[in-house]
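Structural overview
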Amino acid sequence: PGSAGSDAIPVDGGDPPGLFLVSDVLPGSTAVLVGRTNDTFGVVDLGSGHYDELGVGGVPVYTEPGHLVFRRGDGTLVVRPFDIGTRTFSGLGRATATGVSGSSTRASRFSLAGEGTLLYAPIESSTEEALAWADESGRVEAIRWAAPPGRDYDGVSLDPTGTRVAMGLRAGTEGFFEGDLWVLDLETAAGFPLTRDGASVRPSWSPSGDRIAYISHVGETSAARWIAADGSGASEHIVSLPAGSAPPQVQWVGDGNSVVIRAGGASIRSIFQFDPDRDSVPRPLVDTEFMEVDPSPSPDGAWLAYQSSRSGRSEVYLQPYEPGGAITPISAEGGSRPRWSRGGDAIYFQGDDGFLWRASLDLS
């Protein structure tokens, strides 16, 4: 089975009237499956021209031993038992793939082999930025998923197992806070929205893997909040942040009992620590007249890497997490966005030359 073309045929039935586009011919050649321009699909008897609607979706095709495969509007491909005699569904459907390209008004972007193998064209992300894996040899592999259209990434965080990623997706390049959190399963390429308030960005996955901290901005109020990573339950308030500062950030520290926050302080960008069990307001950690951003605690919570303008340009620095220790430069010719390796023996950062750099550490 597969697409049989997109020729319009005269039929009766269907409300409102619209264009009927053939997607497959049922066995016996007495009826055809059609999609409609109103995102519904059904079956047309070729003898009488009568149309019976089957459901919402598009590009339905028939496959033995008796199933219809069709694409929902969100790109999910569904398989559902179908009685060829009555031309009606005979059981519940199940999703088989996500991010399948196509619609009810265009040729099928998937096909089924005789033994049941599915071949499909994935939806291409419409964001200018894309997720990708990169290794130290320089090889880059794109991560394909059905990203919501017209969104830009504002924060990406892997879970402790490396199999899921939390993302802040905002609607365009304007409005730093106007976004929502999504979680993507990297093994199945299935993503789902974790928030729907249009004011949630910059996620940070907890070391335990069960929670995601993020920045929320409603009206003139910014706050750090957390939510269960599986979407169960409501989000919870961590701490309110100073109004009027540049878009803040939040990262978990060590075992996940406290967080480090970038917010407004002596400059409009300073770094604070906050322990919900003992603090009522964030405590200064790196609070100078310079711009300090992108705090990144080490996996054991003993060290802090961050970006600072103290030399006159942005460089990456390292210091003990507890205040008072020596500050060590990590980059030498411009650096930003430091991130620790899982083992805590290296810091990755973006150089001003456009390359991703790795600084090996001996912290013994």
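Just so you know, these numbers come straight off a predicted model, no measurement behind them.

Side note on the overall build of the protein
- In terms of helices and strands, the protein carries 0 helices and 32 strands.
- By the burial criterion, 45% of the 364 residues in the protein qualify as buried.
- Once local pairs closer than 6 in sequence are excluded, the contacts in the protein between residues at least 24 apart make up 31%.
- In the structure as shown, the protein presents an accessible area of about 17,800 Å², 51% of it carried by carbon and sulfur atoms.

Quick look at the sheet that holds strand β1 (residues 20-25)
- Taken in spatial order, the 4 strands of this open sheet run β1-β2-β3-β4, and their pairing is antiparallel. Each edge of the sheet is formed by a strand with only one pairing partner; in this case those strands are β1 and β4 (51-56). Averaged over all neighbouring strand pairs, the angle between strand axes comes to 30 degrees, with direction disregarded.

With respect to unusual backbone geometry
- Following Glu-64, the chain continues to Pro-65 via a peptide bond in cis, the omega torsion being 5 degrees.
- For Pro-65, the location among the structural elements is in the loop between β5 (58-63) and β6 (67-71).
- Positioned with a positive phi, Ser-29 is a non-glycine residue whose angle comes to about 60 degrees.
- Note on placement: Ser-29 falls in the loop between β1 and β2 (31-36).
- On the accessibility criterion, Ser-29 (53% relative accessible area) is exposed.
- In this structure, Arg-202 takes a positive phi of about 60 degrees despite not being glycine.

Things to note about the sheet that holds strand β18 (residues 200-205)
- Pairing is antiparallel in the open sheet, where 4 strands are placed in the order β18-β19-β20-β21. With partners counted over all chains shown, the strands left at the sheet margins are β18 and β21 (236-241), one partner each. Averaged over neighbouring strand pairs, the angle between their axes works out to 25 degrees when direction is ignored.
- Bridging between β18 and strand β19 (residues 211-218) involves 4 bridges; their strand directions are antiparallel.

Here we look at the nonpolar core
- Membership of the largest hydrophobic core comes to 14 residues, with the highest contact counts inside it found for Ala-224, Ile-238, Val-239, Val-250, Val-259, Ile-261 and Phe-274.
- Those elements that place two or more of their residues in this core are β19, β20 (221-228), β21, β22 (249-253), β23 (258-263) and β24 (270-274).
- Non-local contacts of Val-259, meaning those with residues more than four positions away in its chain, are made with Ile-238, Val-250, Gln-251, Trp-252, Val-253, Phe-272, Gln-273, Phe-274 and Tyr-321.
- Counting 12 residues, the second largest nonpolar core, distinct from the first, contains Ala-31, Phe-41, Leu-68 and Phe-70.

Here's the deal with the packing of aromatic side chains
- Summed over the entire model, instances satisfying the criterion amount to 7 aromatic pairs.
- When the centroid spacing of 4.6 Å and the interplanar angle of 35 degrees are considered together, the rings of Phe-41 and Phe-70 count as tilted. Highlighted residues: Phe-41 in strand β3 (residues 40-45) and Phe-70 in strand β6, separated in sequence by 29 residues. As far as burial versus exposure is concerned, Phe-41 and Phe-70 are alike and both buried.
- Among the aromatic residues, those joined into a ring-pair cluster are Phe-41, Tyr-62, Phe-70, Phe-82 and Phe-89.
- The ring of Phe-89 is capped by Arg-80, whose NZ or CZ atom sits 4.1 Å from the centre of that ring.
- Over the ring of Trp-226 we find Arg-211, and its NZ or CZ is 4.7 Å from the ring centre.

Section: the confidence of the model for the protein
- Looking at the protein as a whole, the pLDDT averages 82, with 81% of positions reaching at least 70.
- Contacts for the low-pLDDT stretch residues 1-8, under 50 throughout, to residues beyond four places or in other chains number 25 contacts.
- Low pLDDT (under 50) marks residues 104-108, which in the prediction has 16 contacts with non-local residues, meaning those over four places away or in another chain.

Details of the pattern of salt bridges
- Tallied over the entire structure, the rule returns 8 salt bridges.
- The partner of Arg-164 in a salt bridge is Asp-159, and the shortest N-O contact between them spans 3.0 Å.
- The exposure class assigned to Arg-164 is partly exposed, which follows from its relative accessible area of 25%.
- Put simply, Asp-279 and Arg-278 hold a salt bridge, and the shortest N to O gap is 3.9 Å.
- By relative accessible area, which is 13% here, Asp-279 ends up buried.
- Among the charged side chains, a salt-bridge network with shared partners connects Asp-154, Arg-170 and Arg-202.

Cut-offs and rules
- Residues numbered from 1 in each chain as written.
- Predicted model: local features only at pLDDT ≥ 70, side-chain atom pairs only at ≥ 80, totals over all residues.
- Heavy atoms only, no water.
- Helix = DSSP H or I, 4+ residues; strand = E, 2+ residues; numbered from the N terminus.
- Buried < 20%, exposed > 50% of the residue type's maximum accessible area, 1.4 Å probe, protein only.
- Contact = heavy atoms within 4.5 Å.
- Areas by Shrake-Rupley, 256 points an atom, 1.4 Å probe, with all protein chains shown as cover.
- Pairing = 2+ DSSP bridges.
- Axes fitted to C-alpha atoms, helices over the stretch in contact; angles between N-to-C directions.
- Core = buried A, V, L, I, M, F, W, Y, C linked by side-chain atoms within 4.5 Å.
- Phe/Tyr/Trp six-rings, centres within 6.5 Å; stacked < 30°, edge-to-face > 60°.
- Lys NZ or Arg CZ within 6 Å of the ring centre and 35° of its normal.
- pLDDT = per-residue confidence, 0-100.
- Salt bridge = Lys/Arg side-chain N within 4 Å of Asp/Glu carboxyl O.

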